[in-house]
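What follows is each chain in one-letter form.
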Amino acid sequence: MAKRSSLSIRIVEGKNLPAKDITGSSDPYCIVKVDNEPIIRTATVWKTLCPFWGEEYQVYLSPTFHAVAFYVMDEDALSRDDVIGKVCLTRDTLAAHPKGFSGWAHLTEVDPDEEVQGEIHLRLEVVRGPRACRLRCSVLEARDLAPKDRNGASDPFVRVRYNGRMQETSVVKKSCYPRWNETFEFELEEGATEALCVEVWDWDLVSRNDFLGKVVFNVQRLWVAQQEEGWFRLQPDQSKSRREEDNLGSLQLEVRLRDETVLPSGCYQPLVQLLCHEVKLGIQGPGQLIPLIEEMTSTECRQDVATSLLKLFLGQGLAKDFLDLLFQLELGRTSEANTLFRSNSLASKSMESFLKVAGMHYLHGVLGPIVNRVFEEKKYVELDPSKVEVKDVGCSGLHRPQTEADVLEQSAQTLRAHLGALLSALSRSVRACPAVVRATFRQLFRRVRERFPGAQHENLPFIAVTSFLCLRFFSPAIMAPKLFHLRERHADARTSRTLLLLAKAVQNVGNMDMQASRAKEAWMEPLQPTVRQGVAQLKDFITKLVDIEEKEELDLQRALGLQAPLVKEGPLFIHRTKGKGPLTSSSFKKLHFSLTTEALSFAKTPSSKCVNELNQWLSALRKVSINNPGLLGSYHPGVFRGDKWSCCHQKDRTDLGCDKTRSRVTLQEWNDPLDHDLEAQLIYQHLLGMEAALREKHRELSAGTGAGSVPTGPCEAPEDPLAQLLQVLQNLREAHRSSPAGSPPAEPSRRLQPQT
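Residues numbered from 1 in each chain as written. Predicted model: local features only at pLDDT ≥ 70, side-chain atom pairs only at ≥ 80, totals over all residues. Heavy atoms only, no water.

A.B. asks: Even after reading the chapter, I still don't get the overall build of the chain, so can you show me in this structure?
C.D. replies: Helices and strands together make up the secondary structure of the chain, namely 18 helices and 25 strands. When each of the 756 residues of the chain is scored for burial, the buried share is 48%. The long-range fraction of contacts in the chain, counting pairs at least 24 apart against all pairs at least 6 apart in sequence, stands at 70%. Looking at the chain as shown, the accessible area adds up to about 38,000 Å², and 51% of this sits on carbon and sulfur atoms. (Helix = DSSP H or I, 4+ residues; strand = E, 2+ residues; numbered from the N terminus. Buried < 20%, exposed > 50% of the residue type's maximum accessible area, 1.4 Å probe, protein only. Contact = heavy atoms within 4.5 Å. Areas by Shrake-Rupley, 256 points an atom, 1.4 Å probe, with all protein chains shown as cover.)

So, in structure tokens, the structure goes:
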């Protein structure tokens with residue numbers, strides 16, 4: 001059994017931000033920290049005081065985290081980035097909103113005395129003497145302190161205050177992981193109410209010392225505990241009165257905390273087997289549990305349910321069968337061909353998730369070069385005459401200014417070139433498409449052709465495939481490449497317009513150039529020759545795509561199964577130091593790394609175009625190491641240079657690490673290894689929410705058929721699938737009740753807790 005906590009984060013937009021640049025604007029971006037550990041950096045939105053990001057993240061983290069903070073920064077090319085403000089949401093705040101925190105939050109000023117991090121190792125004890133008692137405080141070490149100096153470290157020392165007396169440790173130079181091993185004693189009177197305050201400071205020769213954090217203890221509790229030793233989290237100094245800040249703007253956020261107690265795999269087997277049995281039976285099955293789940297799932301949580309079900313069946317090798325069942329269900333209730341797969345049904349949502357899970361690498365291979373070319377060219381492109389701005393493009397010659405007709409013609413040429421390149425890349429990509437995706441599209445193509453066999457519906461099977469591949473996968477990725485990890489930054493206004501027009505053209509090709517599509521935007525007419533040619537190319541591509549036999553599908557999947565799943569790849573810079581002493585030279589060598597679940601390898605040349613971000617690499621390394629039995633509990637964040645570690649200054653090369661390994665904070669990616677137990681737990685929680693409706697449905701069905709009552713005990717053996725499902729839910733509820741308390745685990749138990 002394990003505790004799992006996750007944060008669903010959506011950073012929507014900001015408004016009324018202060019201007020930080022001399023141009024009267026700002027270049028804002030956001031940094032997200034969990035307990036002062038940076039985990040997310042959004043793209044920079046240039047030259048605006050009301051930025052829109054629309055970025056979504058799923059973060060898995062320790063259940064014992066304290067707070068998540070959102071910092072809005074202003075990017076500067078020549079100087080240090082400016083801090084605009086922050087929003088901090090504590091764990092208690094998020095827990096008080098079961099459906100998630102959603103709305104606008106005012107940015108507050110960032111006070112250096114409140115920006116603390118790290119922990120301090122203390123030993124506190126009451127020493128009883130013949131005449132009086134003494135309070136002994138041993139300051140042992142600290143870790144992960146905030147770097148306050150330009151050299152990336154601090155010069156920390158500790159002040160211990162009690163009953164009007166203050167004592168200080170020595171200063172440890174250039175370290176965020178200092179070790180003091182110093183002891184202080186104070187006279188202690190019976191019944192004393194004074195608090196013991198341990199403060200950490202950064203020593204500065206010229207300016208005032210910087211505050212690094214503090215811990216305050218109630219001495220009366222220490223009388224009871226007598227002795228306590230442990231690591232204590234440093235707290236900010238909130239003694240100063242805060243003034244209201246009305247001019248820092250606001251940030252719109254959607255943050256949801258989810259705590260799950262995941263039971264051992266065996267507990268979920270009855271639920272998994274029941275759902276898998278229903279999928280294997282298909283549309284002819286007697287219970288029809290999948291239709292019931294779809295019917296009772298609300299619109300707002302349909303995407304989450306679709307993703308969990310899809311991942312569960314993908315892990316069981318039944319993703320194609322699950323989607324095929326959903327295709328048949330939707331086709332069975334569709335009478336108008338032009339409305340097929342146009343709603344946000346469970347089939348549509350599941351197929352969207354499936355393409356992202358199984359086809360993201362394929363999408364990068366097809367779209368990556370085209371999107372990169374659009375970003376690099378940065379051409380002004382516009383087809384709508386009402387939006388053309390000639391002043392934006394300058395002149396086409398030395399003497400003749402460019403006319404509106406020139407702009408429209410050049411724009412059409414640019415878009416035709418991009419669209420032609422994309423369609424050519426797509427036509428060549430049949431073998432690159434994953435076998436399970438091809439097999440799923442084959443089922444979709446066949447089911448639609450069986451349901452609408454007439455000659456008037458000749459194009460409908462092709463449109464069904466393109467409704468997912470083009471309209472719900474390729475087009476959204478073209479319009480928002482940052483959200484599909486095709487680019488590190490959002491596009492500027494000019495590039496965004498080019499991408500939008502290209503996405504519209506792809507949608508017209510995906511709609512098989514239907515008259516309704518052309519009638520909406522007549523100014524897209526200059527692209528019609530390329531669109532018509534693209535329709536023929538796309539139909540030929542789909543014909544080859546769905547032409548995959550069972551044996552070929554199995555062979556391709558078997559070949560893929562022999563390869564370790566790719567987790568992350570991209571460039572990294574390796575630092576190399578030559579020689580020792582003051583004349584030491586250093587250089588950086590660029591190598592391209594590839595991380596799988598089995599190995600970390602590198603080469604001199606890139607194998608793909610991937611974003612290289614430190615947080616993504618750290619997250620990927622943590623994922624592949626999470627089940628490593630040899631994972632160390634601590635490590636040295638510095639290097640052993642000369643005769644000591646640069647981080648903690650210890651001279652023993654084999655000394656235990658001075659910082660703890662953080663293996664619990666990871667970012668969710670679409671290529672993450674499947675966690676079957678977690679997905680089963682999420683499905684169980686969803687079904688538990690609709691249990692009352694399921695029981696009522698069972699009563700209706702039982703009344704109509706004269707079947708038995710709803711099961712109420714584990715000894716009963718219900719026969720119909722719905723009754724079995726209700727029995728499984730009841731058994732899982734009992735398993736959760738018998739497990740340890742479902743609340744998030746607290747910090748290691750201590751008799752003495754610091755005051756907050």
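A.B. asks: Mind showing me how you'd approach the environment of Ser496 here?
C.D. replies: Topologically, Ser496 is positioned in helix H11 (residues 493-510). Its relative accessible area of 32% is what places Ser496 among the partly exposed residues. For the pair Ser496 and Val381, spaced 115 residues apart in sequence, the C-alpha to C-alpha distance is 9.9 Å. At 3.4 Å, the side chain of Ser496 and the backbone oxygen of Ala491 are in polar contact. (Polar contact = N/O pair within 3.5 Å; in protein donor to acceptor, adjacent residues only side chain to side chain.)

A.B. asks: Looking at this structure, I do not really get the environment of Leu49. What am I missing?
C.D. replies: Along the chain, the position of Leu49 falls in the loop between strand E3 (37-41) and strand E4 (52-61). According to the relative accessible area criterion, Leu49 is partly exposed, its value standing at 26%. On a C-alpha basis, the gap between Leu49 and Asn16 in space is 5.8 Å, while along the polypeptide they are 33 residues apart. Setting aside its immediate chain neighbours within four residues, Leu49 contacts Gly14, Lys15, Asn16, Leu17, Pro18, Ala19, Gly24, Ser25 and Ser26.

A.B. asks: Help me understand the packing of aromatic side chains in this model?
C.D. replies: The geometry of an aromatic ring pair is captured by the separation of the ring centres together with the interplanar angle, meaning the angle of the planes. For the coordinates displayed, the defined rule picks out 10 aromatic pairs. Relative to Phe186, the ring of Tyr162 has its centre 6.0 Å away and its plane inclined at 65°; by these criteria the two rings are edge-to-face. Placement of Tyr162 in strand E10 (residues 156-162) and of Phe186 in strand E12 (residues 179-188) is noted, with a sequence separation of 24 residues between them. Each of the two residues, Tyr162 as well as Phe186, counts as buried. Geometrically, the ring pair formed by Trp201 and Phe211 is edge-to-face, given 5.4 Å between the ring centres and 75° between the ring planes. With Trp201 in strand E13 (residues 195-202) and Phe211 in strand E14 (residues 210-218), the pair connects residues that are 10 residues apart, well separated along the chain. Each member of the pair Trp201 and Phe211 is classed as buried. Each residue in the set Phe327, Phe341 and Phe468 is aromatic and connected to the rest through ring pairs, giving one cluster. (Phe/Tyr/Trp six-rings, centres within 6.5 Å; stacked < 30°, edge-to-face > 60°.)

A.B. asks: Just to check I follow, could you spell out the pattern of salt bridges for this structure?
C.D. replies: Side chains carrying opposite charge are able to pair once their charged atoms draw close together. Taken as a whole and judged by the stated rule, the model has 30 salt bridges. Where Arg161 meets Glu199, a salt bridge forms, and the shortest distance between an N and an O atom there is 3.2 Å. Of this pair, Arg161 sits in strand E10 while Glu199 sits in strand E13, and the two are 38 residues apart along the sequence. Note on Glu199: relative accessible area 10%, which makes it buried. With its nearest N and O atoms 3.1 Å apart, the salt bridge here joins Asp655 to Arg179. With a gap of 476 residues between them, Asp655 in the loop between strand E22 (644-645) and strand E23 (659-660) and Arg179 in strand E12 connect regions that are remote in the sequence. (Salt bridge = Lys/Arg side-chain N within 4 Å of Asp/Glu carboxyl O.)

A.B. asks: Just to check I follow, could you spell out the side chain of Lys214 for this structure?
C.D. replies: Its location among the elements puts Lys214 in strand E14. Not counting residues within four places of it along the chain, the set of residues in contact with Lys214 comprises Cys197, Val198, Glu199, Arg233, Leu234, Gln235, Pro236 and Asp237.

A.B. asks: I would appreciate a short explanation of the sheet that holds strand E2 (residues 28-34) in the present structure.
C.D. replies: By definition, the strands of a sheet pair up through backbone hydrogen bonds, in either a parallel or an antiparallel sense. In space, the four strands of this open sheet follow the order E3-E2-E5-E6, with antiparallel pairing throughout. Bordering the open sheet on either side are E3 and strand E6 (82-90), each of which pairs with just one other strand. For this sheet the average axis-to-axis angle between neighbouring strands, irrespective of direction, equals 25°. Taken together, the eight bridges between strand E5 (residues 67-74) and E6 define a ladder with antiparallel strand orientation. Each bridged residue has a counterpart across the sheet, and for Met73 the counterpart in E6 is Val83. (Pairing = 2+ DSSP bridges. Axes fitted to C-alpha atoms, helices over the stretch in contact; angles between N-to-C directions.)

A.B. asks: Just checking my understanding: could you explain the side chain of Glu330 for this structure?
C.D. replies: Looking at the element boundaries, Glu330 is found in helix H6 (residues 319-332). In this structure the side chain of Glu330 is engaged in a polar contact, spanning 3.3 Å, whose partner is the backbone nitrogen of Phe341. Look past the residues within four positions of Glu330 in its chain and what remains in contact with it is Phe341, Ser343, Ser345 and Ala347.

A.B. asks: What exactly am I supposed to notice about the packing of helix H3 (residues 265-281) against helix H5 (residues 302-315) here?
C.D. replies: To characterise two packed helices, one gives the angle between the axes of the helices and the distance between these axes. The geometry of H3 relative to H5 is characterised by a closest axis approach of 11 Å and an angle of 85° between their N-to-C directions. Considering the angle they form, H3 stands roughly perpendicular to H5. Taken together, the residues of H5 that come into contact with H3 (itself represented by Val272, Leu275, Cys276 and Val279) are Leu309, Leu312 and Phe313. A per-class count over the contact of H3 with H5 returns seven nonpolar, no polar and no charged. (Parallel < 35°, antiparallel > 145°, perpendicular 65-115°, else oblique. Nonpolar A, V, L, I, M, F, W, Y, C, P; charged D, E, K, R; others polar.)

A.B. asks: Where do I start with the environment of Phe217 in this structure?
C.D. replies: Relative to the helices and strands, Phe217 is located in strand E14. Each C-alpha atom of the pair Phe217 and Ala195 lies 5.6 Å from the other, and the pair is 22 residues apart in sequence.

A.B. asks: What is the right way to look at the sheet that holds strand E8 (residues 119-128) in this model?
C.D. replies: Strand order in the open sheet formed by four strands is E12-E9-E8-E15, and the pairing between neighbours is antiparallel. Looking at which strands have only one partner, the edges of the open sheet turn out to be E12 and strand E15 (227-233). Mean inter-strand twist for the sheet, computed between neighbouring axes without regard to direction, equals 20°. Here strand E9 (residues 133-143) pairs with E12 via eight bridges, running antiparallel. Following the sheet pairing, Val139 is matched in E12 by Glu182.

A.B. asks: How do you make sense of helix H18 (residues 721-738) when you look at a structure like this?
C.D. replies: Residue pairs spaced three or four apart in an α-helix point in one direction, given the helix's 3.6 residues per turn. Counted at 1.5 Å a residue, the expected span for H18 with its 18 residues is 26 Å, and the 26 Å between its end C-alpha atoms agrees. Buried residues of H18: Pro721, Leu722, Ala723, Leu725, Leu726, Gln727, Val728, Leu729, Gln730, Leu732, Arg733 and His736, and no others. (Expected span 1.5 Å × (residues − 1).)

A.B. asks: Looking at this structure, I do not really get the pairing of E14. What am I missing?
C.D. replies: Both faces of the sheet carry side chains from a regular strand, because those side chains alternate between them. By the criterion of burial, E14 is predominantly enclosed, with eight of the nine residues buried. The pairing of E13 with E14 spans eight bridges and is antiparallel. Counterpart to Leu196 in the pairing with E14 is Phe217.

A.B. asks: Even after reading the chapter, I still don't get unusual backbone geometry, so can you show me in this structure?
C.D. replies: What is expected of a backbone is that most residues other than glycine have negative phi and most peptide bonds are trans. Phi angles above zero are rare outside glycine, and Asp144 is one such case at about 55°. Take Asp144: it is sitting in the loop between E9 and E10. Even without being a glycine, His485 presents a positive backbone phi close to 60°. Among the secondary structure elements, His485 is positioned in the loop between helix H10 (460-479) and H11. Taking relative accessible area as the criterion, His485 reaches 32% and is therefore assigned partly exposed.

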